[in-house]
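Observations on the three-dimensional arrangement
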Amino acid sequence: MLYPPIYLDCHATTPVDERVLAAMLPFFSKHFGNPASVSHFYGWEAETAVKQARETLAAAIRATPEEMIFTSGATEANNLAIKGVAETRFSRGRHIITVATEHNAVLDPCRYLQSLGFEVTFLPVQRDGLIDLAELEQAFRSDTILVSVMAANNEIGVLQPLAQIGALCREHQVFFHTDAAQAIGKIPLDVEAMSIDLMSVTAHKVYGPKGIGALYVRRRNPRVRVAPQLHGGGHERGLRSGTLYTPQIVGFAKAVELAIAEMPTETERLIGLRDRLWHQLSQLEGIFLNGHPTLRLPGNLNVSISGVDGQALLLGVQPVMAVSSGSACTSAKIEPSHVLAALGLPDALAYASIRFGIGRFNTESEIDQAAAGMIATVRGLRE
Ligand SMILES: *Cc1c(COP(=O)(O)O)cnc(C)c1O
């Protein structure tokens, strides 16, 4: 047994990179000022740090600094985008288009809006997890106000065709929101080239701290208005009140800066590790890859295994590695993941699935140990 187990759950969260932590530390007790304190040195210090971080983050997605609204994470950013646009555009229309495989932080605000009288189309996905652009095209109505399609899926890693979706939204004059929580720092994002109007991002999936994220809100061509969901001191141009969390903001920017600088080499390395893992696991009979084989996040592998019990599989591998499975315990009863169900997987295969999230600190030897642990567990269960 290996203790602690190998961490392979980087879609859930990632450790804070030491370089990120080092950048954050001075802002807890030394440069502790409130960036909104405009009358003294302590405030200016913090404000300067926040300004620099905002510039770095904006440049990372080719936005301008004024277009970045800091939030507590991607959940809040998604809520602000979806409910905020619904509130400002309801007189124009009450129809929203999203996708069945979205994160609950998109699906739940959409369901909430349904309860208020909005209509939501939940587009299906194809067997590989990608949406069908022709189906999206057909879903547009004269009263459609928003399309929300995620950049990269948190379970199967599938990358949706953002630029094509953005172009269709432009054609129909509908705002395009994307949840890029899993995508920032992992794949190139460009709000201009991809015609993105709103984008949710978060730090803790990219080796930054938990509790900080941002919503990009386009200011021109077209100008997008969102209604604030938190009212108070009027921070963030009135769109999100609350004292800015300087250390987290500094860490967020550092994390994204590092991830983008290292993206070319890291992408190649992660694809190498992922292919190595898949190559070894495919010795097993009855193992299936979930999601598109190449249009996916470099560090993502999601597999289903026939003829084994999902819970037994997860318990069996737990001593060796920290991974997630495609079954979520909601209120004591186990349900198959809505993402795997949307791919058309039968329940048994959805239960018996493992999501590997390979990250910056994983090594080849860890991948080999994880593969061996998984193969031994499956063979043991089948005997
Ligand atoms: C993690 C995640 C979220 C939630 O982000 P938080 O910053 O933890 O609120 C939303 N969407 C996707 C796709 C995610 O992976």
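Residues numbered from 1 in each chain as written. Predicted model: local features only at pLDDT ≥ 70, side-chain atom pairs only at ≥ 80, totals over all residues. Heavy atoms only, no water.

1. So, unusual backbone geometry
As a reminder of what qualifies: Helix and strand labels come from DSSP, where a helix needs a run of H or I of at least four residues and a strand needs a run of E of at least two; each type is numbered from the N terminus.
At the junction of asparagine 221 and proline 222, the peptide bond is cis and its omega measures out at -10° in the coordinates. Take proline 222: it is sitting in the loop between β8 (213-217) and α8 (246-261). Even without glycine at this site, asparagine 221 takes up a positive phi of about 50°. With respect to the helices and strands, the residue asparagine 221 is situated in the loop between β8 and α8.

2. Regarding the side chain of glutamate 155
Basically, it comes down to this: Buried means the residue's accessible area, taken with a 1.4 Å probe over protein chains only, is under 20% of the maximum for its type, while exposed means over 50%, and partly exposed covers the values in between. Note that His is not counted, nor are the chain ends; the positive residues are Lys and Arg, and the negative ones are Asp and Glu. By convention in these notes, a salt bridge is any Lys or Arg side-chain nitrogen within 4 Å of a carboxyl oxygen on Asp or Glu. Nitrogen and oxygen atoms within 3.5 Å of one another constitute a polar contact, given that in protein one can donate a hydrogen and the other can accept it, and given that sequence-neighbouring residues count only through two side-chain atoms. The contact rule is simple, with two residues in contact once any of their heavy atoms fall within 4.5 Å.
On the secondary structure map, glutamate 155 appears in the loop between β5 (144-148) and α7 (162-171). Although glutamate 155 is buried, it makes no salt bridge; arginine 355 carries the closest opposite charge, 6.1 Å away. At 2.7 Å, the side chain of glutamate 155 forms a polar contact with the side chain of serine 337. Setting aside anything within four residues of it in sequence, one finds glutamate 155 in contact with Asn300, Asn302, Ser337, Val339, Leu340 and Arg355.

3. Observations concerning the sheet that holds strand β7 (residues 198-202)
Definition in use: Only when DSSP finds a minimum of two bridges between them are two strands counted as paired. Helix axes use the C-alpha atoms of the stretch in contact, all axes being lines fitted to C-alpha atoms, and the angles between their N-to-C directions lie in the range 0 to 180 degrees.
Taken in spatial order, the 7 strands make up an open sheet running β2-β8-β7-β6-β5-β3-β4, and their pairing is mixed. In the strand order of this sheet, the two ends are held by β2 (68-71) and β4 (119-123), each with one partner. Neighbouring strand axes in the sheet, compared pairwise and without regard to direction, differ in orientation by 20° on average. One ladder, built from 3 bridges, connects strand β3 (residues 95-99) with β5; its direction is parallel. Residue pairing across strands places histidine 95 opposite threonine 144, the latter belonging to β5.

4. Some details on the domain arrangement of the chain
Convention followed: For every domain, the bounds stem from an assignment made automatically or drawn from a database. The term buried area denotes the loss of accessible surface (1.4 Å probe radius) that occurs when two parts are joined, taken as the sum for both partners. For this classification, the nonpolar set comprises Ala, Val, Leu, Ile, Met, Phe, Trp, Tyr, Cys and Pro, the charged set comprises Asp, Glu, Lys and Arg, and every other residue, Gly included, is treated as polar.
Looking at the assigned domains, one finds that the chain contains domain 1 (6-15 + 263-377) and domain 2 (18-257). Each of domain 1 and domain 2 has a C-alpha centre, and the two are 27 Å apart. Across the contact, 28 residues belong to domain 1 and 31 residues belong to domain 2. Taken together, both faces of the contact between domain 1 and domain 2 bury some 2,400 Å²; the carbon and sulfur share is 56%. Among the residues of domain 1 in contact with domain 2, Leu297, Leu343 and Arg360 are the three that bury the most area, contributing 23% of the side total. Our count for the domain 1 to domain 2 interface comes out at 0 salt bridges. Our count for the contact surface shared by domain 1 and domain 2 stands at 16 residue pairs in polar contact (both at pLDDT 80 or more). Those elements that place two or more of their residues in the side of domain 1 that touches domain 2 are α9 (263-281), β10 (300-305) and α11 (338-342). The dominant element in the side of domain 1 that touches domain 2, judged by the number of residues it contributes, is α11, at 4 residues. For the side of domain 1 that touches domain 2, the class distribution of residues is 13 nonpolar, 12 polar and 3 charged.

5. A short note on empty space enclosed by the protein
So the rule is basically this: Put simply, the grid is 1 Å and covers the protein atoms alone, a cavity is a trapped set of points that fit a 1.4 Å probe, a pocket is an open set with protein on both sides within 12 Å along at least five of seven lines, and lining residues have an atom within 4 Å of a point. Grid points are joined across faces, edges and corners, and a volume is the space filled by probe spheres set on the points.
In this structure the tally under the stated criterion is 1 cavity of 30 Å³ or more. The volume enclosed by the largest cavity comes to roughly 210 Å³. Gly185, Lys186, Tyr207, Glu266 and Leu270 are, among the 18 residues lining the largest cavity, the residues nearest its centre. Residues of the lining of the largest cavity, tallied by class, amount to 9 nonpolar, 5 polar and 4 charged. Here the lining of the largest cavity gathers at least three residues from each of two domains, domain 1 (6-15 + 263-377) and domain 2 (18-257).

6. Side note on a nonpolar patch on the surface
Put simply, the rule reads: Only residues above 30% relative accessible area that lack a salt bridge enter a patch, with like-charged residues linked at up to 9 Å and the nonpolar side chains Val, Leu, Ile, Met, Phe, Trp and Tyr linked at up to 5 Å. Areas reported as accessible are Shrake-Rupley estimates using a 1.4 Å probe. Residue values count occlusion only from the protein chains shown.
On the surface, Val16, Leu21, Leu25, Phe28 and Tyr245 cluster together to form a nonpolar patch covering roughly 430 Å² of accessible area. Among the structural elements, leucine 25 can be located in the loop between α1 (18-24) and α2 (26-29).

7. Section: the layout of surface pockets
If you add up the space inside the largest pocket, you get close to 660 Å³. For the largest pocket, the lining is made up of 34 residues, of which His103, Asn104, Asn154, Glu155 and Arg355 are closest to its centre. Taken together, the elements giving at least two residues each to the lining of the largest pocket come down to α4 (74-89), α5 (104-115), β12 (324-325), β13 (327-330) and β14 (333-336). Split by residue class, the lining of the largest pocket holds 8 nonpolar, 20 polar and 6 charged. Of the voids in this model, the second largest pocket is the one considered here, and its volume is about 170 Å³. Forming the walls of the second largest pocket are Asn34, Pro35, Ala36, Val38, Glu47, Val50, Lys51, Arg54, His235, Glu236 and Leu244. Residues that form the lining of the second largest pocket fall into these classes: 5 nonpolar, 2 polar and 4 charged.

8. Considerations on the environment of cysteine 110
Relative to the helices and strands, cysteine 110 resides in helix α5. The spacing of cysteine 110 and asparagine 79 is 31 residues in sequence and 8.9 Å in space, taken between C-alpha atoms. Residues contacting cysteine 110, with those up to four places away along its chain left out, are Ile82, Ile96, Thr98, Val120 and Phe122.

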